[in-house]
Amino acid sequence: MNRDRLRRLGFALLAPVSAFAFAVLISSLALWASGNDPFTAWREMLAYANDTRRMISIVNRAIPLYISALAVGFAFKMNLFNIGVEGQYQLAALMAAAVGASVDLPGPIHVLLILVVAMGVGAGWAGIAGVLKAYRGVHEVIATIMLNAIVTTGLLAYLLGNYLRDRSETQILKTHDLPASGRMPSLNRPLAAIGIDVPQGANLQGFLVIAILLGVAFYVVVSRTRFGYDLRASGVNPWAALASGVHPKGMIVKTMLISGALAGLVGMSQLLGFFGRYHQDFPTGLGFAGIAVALLGRNHPAGMAVSALLFGFLSTSAQILDLRDIPKEIIDILQATVLLSVVVSYELVRRLVAASEVKAAAAATAGAATQPAAAALSEEGDR
Amino acid sequence: MTTVSGTGTPAVHAARPKRKLPRAMILVGLGVILLSIVRVVADADDLTSAGSFSAAIRLGVPILLAGLGGLFAERCGVVNIGLEGMLILGTWFGAWGAVEFGAWEGVLLGIFGGALGGLIHAVATVTFGVDHIVSGVAINILGAGMARYLSVVSWVGKGTGGGATQSPKVTVDIAKVDVPFLAGGSIFGWDTPDVLGRIASWRWVVISDVAGLLRGLTGNLSLLSFVALLLVPASVLFLWHTPLGLRLRSAGENPYAAESLGVNVYRMKYLGVITSGALAGLGGAFLVLEGAGIYREGQTGGRGFIGLAALIFGNWRPTGVAMGAGLFGFADALRLRNESAVHALLLFVAVAAALAALWLLFDRRYRYGAVIGAIAVGFGIWYVTSDTVPRQFLSFTPHITTLLVLAFATQRLRPPAADGLPYRKGGGT
Amino acid sequence: MEPPAVELRGIAKRFPGVIANDDVDLVVRTGEVHAIVGENGAGKSTLMKILYGMQAPDEGTILVDGAEVSFRSPKDAIAAGIGMVHQHFMLADNLTVLENVVLGLEPKRGLALDRASARARIVELGERYGMVIDPDTLVEHLGVGERQRVEILKVLYRGARILILDEPTAVLVPQEVEELFASLAELKSQGVTVIFISHKLDEVLQIADSITVIRAGRTVGTTEPAATTARELAEMMVGSELPKPDTQGSTVTETVELELDGVTLEETGRTVIDGVSMRVRRGEVVGIAGVEGNGQTELVDIILGLQAPTSGRVLLGGEDITQASTRWRRNQGVGYIPADRQRHGLLLPSPLWENAMLGHQDVVPFSRGPWVNRRGARVRTAQIAEDFDVRTPGVDVPAHALSGGNQQKLIVGREMAAEPKLLVAGHPTRGIDVGAQAAVWTQLREARSKGLAVLLVSADLEELIGLSDTLLVMYRGRIVAELDPQTVTPQELGSYMTGAAA
């Protein structure tokens with residue numbers, strides 16, 4: 001049994017590791033082709049990360065990626081592709097920042113209100129795609145692409161420019177600053193308590209706690225509840241799920257709402273722990289990066305955590321490259337290659353595993369198995 | 001979901017492809033007449049000026065090319081949301097080529113850059129069976145990353161005015177033509193009269209508006225635009241009137257049927273997806289050469305997605321894509337040129353929706369009639385009670401239009417039947 | 001003597017863990033209609049895919065007109081004059097008839113597709129073989145029979161002299177079958193060889209010149225219609241005597257468990273189910289016979305609540321459940337064994353215990369409140385595996401690792417273990433081996449004797465006769481006959497099913 005588990009873990013790791021190795025290879029080739037030494041680049045990056053301040057930066061960068069991956073991964077669990085996280089989190093961040101700055105409440109409640117607004121806005125925006133899919137048959141990918149574009153090409157600028165703008169500031173377009181009660185404290189003190197010296201100016205964002213809790217909640221809901229079972233069943237085989245009594249339309253809407261609510265939280269670590277306001281240079285691209293993180297982490301909360309940290313490492317350590325005159329944009333190429341190769345390698349490994357499982361099951365039932373295996377039967381096509 | 005598919009669909013909507021073109025023309029005609037009336041009522045001359053239409057073409061061509069790119073990919077069964085990334089690759093390679101060699105070389109290299117993106121998409125989706133959406137997202141990330149990376153490698157510290165986010169200024173020596181007699185072009189040094197321009201300037205109802213539209217199409221037209229516009233009929237001819245086009249479409253409709261008749265579906269998909277990238281790349285080069293005269297990061301501004309919108313709006317047909325691109329380009333042109341004309345557009349929408357609602361009610365489709373009627377009333381009230389329209393609204397007009405089309409006209413849309421589905425050789429039942 | 005049009009010698013084809021074809025021999029004379037009959041899963045389709053170049057045989061030789069050939073793709077087969085009409089039509093709905101026909105072998109004029117000559121050729125072919133069809137119609141506007149004609153035209157257009165028809169009548173209404181047979185006669189008279197795959201013996205006897213029977217991947221023998229009977233053919237196909245009706249005493253009670261009252265379903269202007277009224281009592285198995293596509297699937301959907309009827313009522317234990325959700329019905333004790341187990345009954349990549357709770361996820365021991373009870377589910381799954389002889393190395397292996405028979409036993413086990421009041425079973429023994437089939441039948445009979453009401457929907461007449469207390473025949477959405485399985489003959493049943501006796 002134990003050996004079996006180890007083997008399964010080995011299989012599970014094989015795909016992401018080989019995909020990542022392949023991506024490193026491709027990016028090395030790109031570096032080499034443009035006259036840079038790839039080995040130096042990777043070595044410098046590793047060396048750069050070996051430092052408390054930068055490790056904190058890695059974690060801070062990983063937090064929004066992780067939440068974005070949770071949002072994408074939750075929808076993936078029922079085969080819905082929410083590529084609208086990008087628009088959902090940006091709209092949610094803007095609205096949450098604006099609402100948060102306009103009220104005055106005691107500390108935790110203030111933060112809670114901001115989070116609730118963010119989740120509500122994210123859920124609402126994603127919910128449009130859910131309703132369109134469930135009741136009008138509009139593919140969620142197309143709907144969320146369009147909803148993304150509405151947010152990023154005009155809606156943000158319109159809302160910020162006309163209604164939510166801090167007019168005392170003429171130079172830049174931003175919302176009013178959040179009062180202190182609406183900010184989230186850093187985790188520096190707990191870190192110090194366990195004996196880690198936090199360098200001056202570095203702040204481990206308090207939102208990390210929420211991210212971890214969300215990861216746990218993700219696991220519990222998906223793997224341990226009846227709702228999660230229905231969700232996964234719908235993802236694996238919607239027809240069988242339907243016959244087992246899952247209401248498909250309701251399920252689509254609920255899933256998109258939850259995914260959108262998670263998406264709404266993507267920008268919160270930076271809003272509450274760093275910027276304290278929404279402005280025109282608020283980070284973008286986290287929604288798309290979340291897709292890569294979710295796929296690399298196989299939609300598993302632990303796997304996604306590892307891959308979020310990996311991506312956090314890449315974007316933090318990439319900064320050293322610029323100082324060494326190596327274009328740090330190589331990281332974008334690396335990430336895109338990971339995204340492509342991970343899907344391929346998962347498929348290859350899946351076939352490998354399936355073949356070995358069929359063999360194992362056949363061995364266990366040897367002698368009695370005169371019956372065609374499932375896969376071959378469907379190929380027979382006599383139906 | 002468990003039901004058998006219906007046999008023998010009622011032949012009510014048995015419209016043949018042949019009748020489509022006239023219908024498209026009727027729609028365009030109706031649109032122009034309506035615009036003309038609105039122009040007079042709202043006193044917004046720029047709504048139908050030659051300048052507006054000319055700008056609409058300039059802004060619409062990249063959308064058109066992205067849309068045609070999407071058309072080629074989806075007609076062979078591969079969803080391409082990587083158009084944006086391919087467009088970006090087109091802008092970068094187009095600028096690089098123009099800087100290094102010259103404008104037309106830039107065009108070719110832009111096409112090459114886009115085709116490269118298409119090739120990656122094809123390898124991932126066709127050969128390795130990667131989900132089309134995942135691959136598209138990856139290509140969008142890759143396109144942006146590669147453009148930035150290559151910019152740094154090629155232009156940073158070279159003292160040419162280029163840098164990590166922009167290219168050196170490119171010199172554009174692509175000819176612009178005015179058609180003789182119609183738009184005042186010259187023949188052998190003799191300046192012909194600008195007939196359409198003259199008529200357009202009279203501001204007669206409908207006649208002048210049509211003249212304005214035609215003047216926009218024939219005057220100050222870059223050869224590159226001309227090539228792009230020619231691609232619309234060329235696509236129709238290729239896809240519907242050549243054996244290769246038929247095979248390509250069959251791969252998107254029923255690849256297993258095509259396979260069973262000896263069509264090499266993989267090859268068709270590669271052809272379609274690489275062509276798709278090439279077209280998007282051309283669109284990117286156009287943005288650089290006819291638009292800004294320079295490569296700038298973020299220059300594509302989501303036009304790949306608008307192209308996708310035009311594709312859906314145009315019901316996966318070249319003429320439809322052209323209409324969609326024209327419409328979205330027109331909206332964009334008004335946004336940039338004249339805000340009061342944008343306001344007049346509200347009236348246009350209100351009247352158009354009211355007419356559509358009347359037609360629907362006459363056709364006894366009361367529910368949709370009521371919905372559209374409500375939209376008409378809404379826009380009417382908006383028009384009367386406001387003086388301007390926030391310009392941001394026009395930026396996302398294409399996207400909202402597409403969502404509405406998808407939500408309320410799905411039954412009339414006909415995407416290729418096997419669009420986005422995985423295909424494995426020999427994988428049919 | 002003229003060499004045979006097609007000769008297969010010692011063809012074998014293995015898939016991982018399965019032998020689809022094992023030593024098949026076949027001789028088809030030129031200009032005859034040669035039927036190949038066999039049960040579902042006997043290996044007919046695999047054999048034809050080999051002959052058409054879609055799959056390569058592991059062993060054996062293929063001779064066409066006496067010359068040995070080796071096909072790497074259908075292209076090679078087409079070049080050798082072989083054409084195939086698939087059971088599931090290989091047509092693109094959004095292309096015209098012309099486009100579908102010429103695809104892959106387009107006439108050209110310069111670079112362009114020469115539509116005029118293609119049109120002329122199609123019209124000419126259609127007239128010659130009595131299959132007239134407008135070349136410029138979109139295929140989506142055609143009915144089933146017309147689509148089949150397009151398929152045949154496709155093959156003839158390629159100059160095929162040997163035509164393979166895979167279960168051509170499965171989707172046709174009787175009148176269309178007659179038209180098809182007329183066309184086949186026309187083809188034969190012009191020297192075309194037809195290979196006709198079927199398991200409908202009456203049709204085979206009507207149209208074929210020779211009949212080859214295949215069982216479990218082997219040829220059993222070749223005969224002629226004049227020299228045999230349907231019963232003999234059936235015995236050759238099945239390999240033993242037909243199962244006898246259940247002669248044990250009736251367990252039928254007077255309590256009605258399921259009642260349908262005037263259920264009608266209209267879809268896009270078509271009446272799919274037309275005023276069906278019926279009752280299933282406790283301890284009774286009601287069998288529904290009918291050619292596939294006569295409304296059985298929709299009837300099952302309505303009983304399960306997957307689709308709402310246009311009018312009429314569904315009652316469970318006397319209570320009107322017409323508006324109730326599927327989940328509610330399942331929790332009230334409606335068990336379901338789907339006809340297509342992989343599509344509607346299993347989560348293939350998921351572990352067995354998750355499969356065992358599918359459809360019972362609200363019920364003890366699978367869940368507690370909102371939580372999944374993993375331990376309870378595993379214990380129950382192990383129990384099901386033991387009681388219903390599901391051969392598996394454990395309850396954590398994914399369902400796709402099991403053989404078809406074991407998958408089916410798992411489904412039957414999970415539904416039976418939940419002790420339902422009503423069981424809706426579609427083809428419960430389709431594609432499983434004889435041993436597993438006997439086990440499933442025994443379990444159904446036992447449950448019936450304990451008062452279970454069963455609605456059995458099957459295309460397998462033997463199964464229907466073997467299990468049912470009452471037999472209903474569905475034809476074009478209506479119940480056209482109620483028969484006693486003790487006295488009914490397959491021929492009688494068949495005539496109702498094809499509408500001949502209606």
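Keep in mind that what you see is a predicted model, and the values were worked out from it rather than measured. (Residues numbered from 1 in each chain as written. Chains lettered and ligands numbered in written order. Predicted model: local features only at pLDDT ≥ 70, side-chain atom pairs only at ≥ 80, totals over all residues.)

**Points about the overall build of chain C**
What chain C contains, in helices and strands, is 17 helices and 24 strands. Here the C-alpha radius of gyration of chain C, 25 Å, is about what a compact globule of 502 residues would show, namely 23 Å. Projected onto its principal axes, the C-alpha positions of chain C cover 70 × 50 × 50 Å. Looking at chain C as a whole, 52% of its 502 residues are labelled buried. (Helix = DSSP H or I, 4+ residues; strand = E, 2+ residues; numbered from the N terminus. Rg over C-alpha atoms; globule rule 2.2 N^0.38 Å. Buried ≥ 20, exposed ≤ 12 C-beta atoms within 10 Å, placed from the backbone.)

**Some remarks on the overall build of chain B**
Of the regular secondary structure elements, chain B holds 17 helices and four strands. Relative to a compact globule of 429 residues, whose C-alpha radius of gyration would be 22 Å, chain B shows 23 Å and is just as compact. Dimensions along the principal axes, computed over C-alpha positions, put chain B at roughly 65 × 60 × 45 Å. Summarising the internal contacts of chain B: among those between residues at least 6 apart in sequence, 74% fall at separations of at least 24. (Contact = placed C-beta atoms within 7 Å.)

**Topic: the pairing of strand 22 (residues 453-457) of chain C**
Residue and element names in this part refer to chain C. Burial within strand 22 is extensive, with five of its five residues counted as buried. Neither face of strand 22 is open: one carries A453, L455 and V457, the other V454 and L456, and all of them are buried. Direction of pairing for strand 15 (residues 285-289) relative to strand 22: parallel, over a ladder of four bridges. Across the sheet, residue I288 finds its bridge partner in strand 22, namely V457. (Pairing = 2+ DSSP bridges.)

**Quick notes on the domain arrangement of chain C**
Per the domain assignment, the segments making up chain C are domain 1 (6-238), domain 2 (243-333 + 421-502) and domain 3 (342-419). Computed over C-alpha atoms, the centres of domain 1 of chain C and domain 2 of chain C are 34 Å apart. (Domains from an automatic or database assignment.)

**Observations concerning the sheet that holds strand 18 (residues 334-337) of chain C**
All names here are of chain C. Pairing is mixed in the open sheet, where six strands are placed in the order 18-21-22-15-23-24. Edge positions in the sheet fall to strand 18 and strand 24 (478-483), since each has one partner strand and no second. Ignoring strand direction, the axes of neighbouring strands in this sheet form an average angle of 20 degrees. Relative to strand 21 (residues 422-426), strand 18 is paired through four bridges, and the arrangement is parallel. Residue V334 lies in a different strand from strand 21, and its bridge partner there is L422. (Axes fitted to C-alpha atoms, helices over the stretch in contact; angles between N-to-C directions.)

**Here's the deal with the interface of chain C and chain B**
Contacts between the two partners involve 35 residues from chain C and, on the opposite side, 32 residues from chain B. Mapped onto the side of chain C that touches chain B, the elements with two or more residues apiece are helix 2 (74-79), strand 8 (112-113) and helix 9 (296-304) of chain C. A per-class count over the side of chain C that touches chain B returns 13 nonpolar, twelve polar and ten charged. (Nonpolar A, V, L, I, M, F, W, Y, C, P; charged D, E, K, R; others polar.)

**Digging into helix 8 (residues 207-224) of chain A**
Residue and element names in this part refer to chain A. In this model helix 8 runs 25 Å from its N-terminal to its C-terminal C-alpha over 18 residues, within 8% of the 26 Å that 1.5 Å per residue would give. Among the residues of helix 8, F207, L208, A211, G215, F218 and V222 are the ones counted as buried. When helix 8 is viewed along its axis, its buried side chains cluster within an angular range of 110 degrees and face the same direction. For helix 8, the exposed residues set more than 90 degrees away from the buried face come down to V209, L213 and V216. Summarising the contacts, the buried residues of helix 8 are in contact with helix 3 (52-76), helix 9 (226-236), helix 12 (268-275) and helix 14 (301-323). (Expected span 1.5 Å × (residues − 1). Arc of directions from axis to C-beta.)

**Let's talk about the environment of T219 of chain C**
All names here are of chain C. Position of T219 relative to the elements: it lies in strand 12 (residues 218-223). Overall, T219 belongs to the buried group, with 22 C-beta atoms counted inside 10 Å. Along the backbone, T219 and G10 are 209 residues apart, and their C-alpha atoms lie at a distance of 9.7 Å. Residues contacting T219, with those up to four places away along its chain left out, are V24, D25, L26, T212 and I214.

**Considerations on the pairing of strand 11 (residues 210-215) of chain C**
Residues and elements named next belong to chain C. Here strand 3 (residues 33-37) pairs with strand 11 via four bridges, running parallel. When the bridges of strand 11 are listed, I36 appears paired with T212. Strand direction decides the pairing type here: strand 11 and strand 12, joined by five bridges, are antiparallel. Its bridge partner being in strand 12, V213 is matched across the sheet by G221. Taken together, strand 11 and the strand that follows it, strand 12, pair antiparallel across an intervening segment of two residues, in which A216 is found at a positive phi of about 50 degrees.

**Observations concerning the sheet that holds strand 9 (residues 162-166) of chain C**
All names here are of chain C. Across the sheet, six strands lie side by side as 6-9-10-3-11-12; this open sheet has mixed pairing. A single partner strand is all that each edge strand has here, and the edge strands are strand 6 (82-85) and strand 12. Strand-to-strand twist across the sheet, computed as the mean angle between neighbouring axes with direction ignored, equals 20 degrees. Strand direction decides the pairing type here: strand 3 and strand 10 (residues 193-198), joined by five bridges, are parallel. Bridge pairing in strand 10 places V37 opposite S198. In the packing of helix 1 (residues 44-51) onto the sheet, contacts are made with strand 3, strand 6, strand 9, strand 10 and strand 11, and the angle to strand 9 comes to roughly 150 degrees. The strands touched by helix 5 (residues 144-157) within the sheet are strand 6 and strand 9, with strand 6 carrying the most contacts at an inclination of about 165 degrees.

**Comments concerning the confidence of the model for chain C**
The share of residues in chain C with pLDDT of 70 or more is 93%, and the mean pLDDT across the chain is 85. This prediction of the complex comes with two scores: 0.85 for pTM and 0.85 for ipTM. (pLDDT = per-residue confidence, 0-100.)

**Notes on the confidence of the model for chain B**
Averaged over all residues, the pLDDT of chain B equals 84, while 93% of them reach at least 70. Contacts of residues 1-19 of chain B to residues separated by more than four positions or lying in other chains number 26 contacts, the stretch itself having pLDDT below 50.

**Remarks on the nonpolar core**
Counting residues in hydrophobic clusters, the biggest one holds 408 residues, and the most contacted among them are Y66, L94, V293 and L339 of chain A together with V473 of chain C. When near neighbours in sequence (up to four residues on either side) are disregarded, Y66 of chain A contacts A211, V293, M304, A305 and A308 of chain A. (Core = buried A, V, L, I, M, F, W, Y, C linked by C-beta atoms within 7 Å.)

**Examining the packing of helix 2 (residues 38-49) of chain A against helix 14 of chain A**
All names here are of chain A. Where helix 2 contacts helix 14, the axes come no closer than 8 Å and their chain directions differ by 115 degrees. As the angle between them shows, helix 2 and helix 14 are arranged roughly perpendicular. The chirality of how helix 2 crosses helix 14 is right-handed. On the side of helix 2, the interface is formed by A41, E44, M45, Y48 and A49, while helix 14 contributes F313, T316, S317, I320 and L321. Of the residues that constitute the contact of helix 2 with helix 14, the class distribution is seven nonpolar, two polar and one charged. (Parallel < 35°, antiparallel > 145°, perpendicular 65-115°, else oblique. Left-handed = near helix turned anticlockwise from the far one by under 90°.)

**Some details on the environment of L156 of chain C**
Residues and elements named next belong to chain C. Here L156 shows up in helix 5. Residue classification places L156 among the buried positions, given that 23 C-beta atoms sit within 10 Å. Once residues within four sequence positions are removed from consideration, L156 is found in contact with L125 and Y129.

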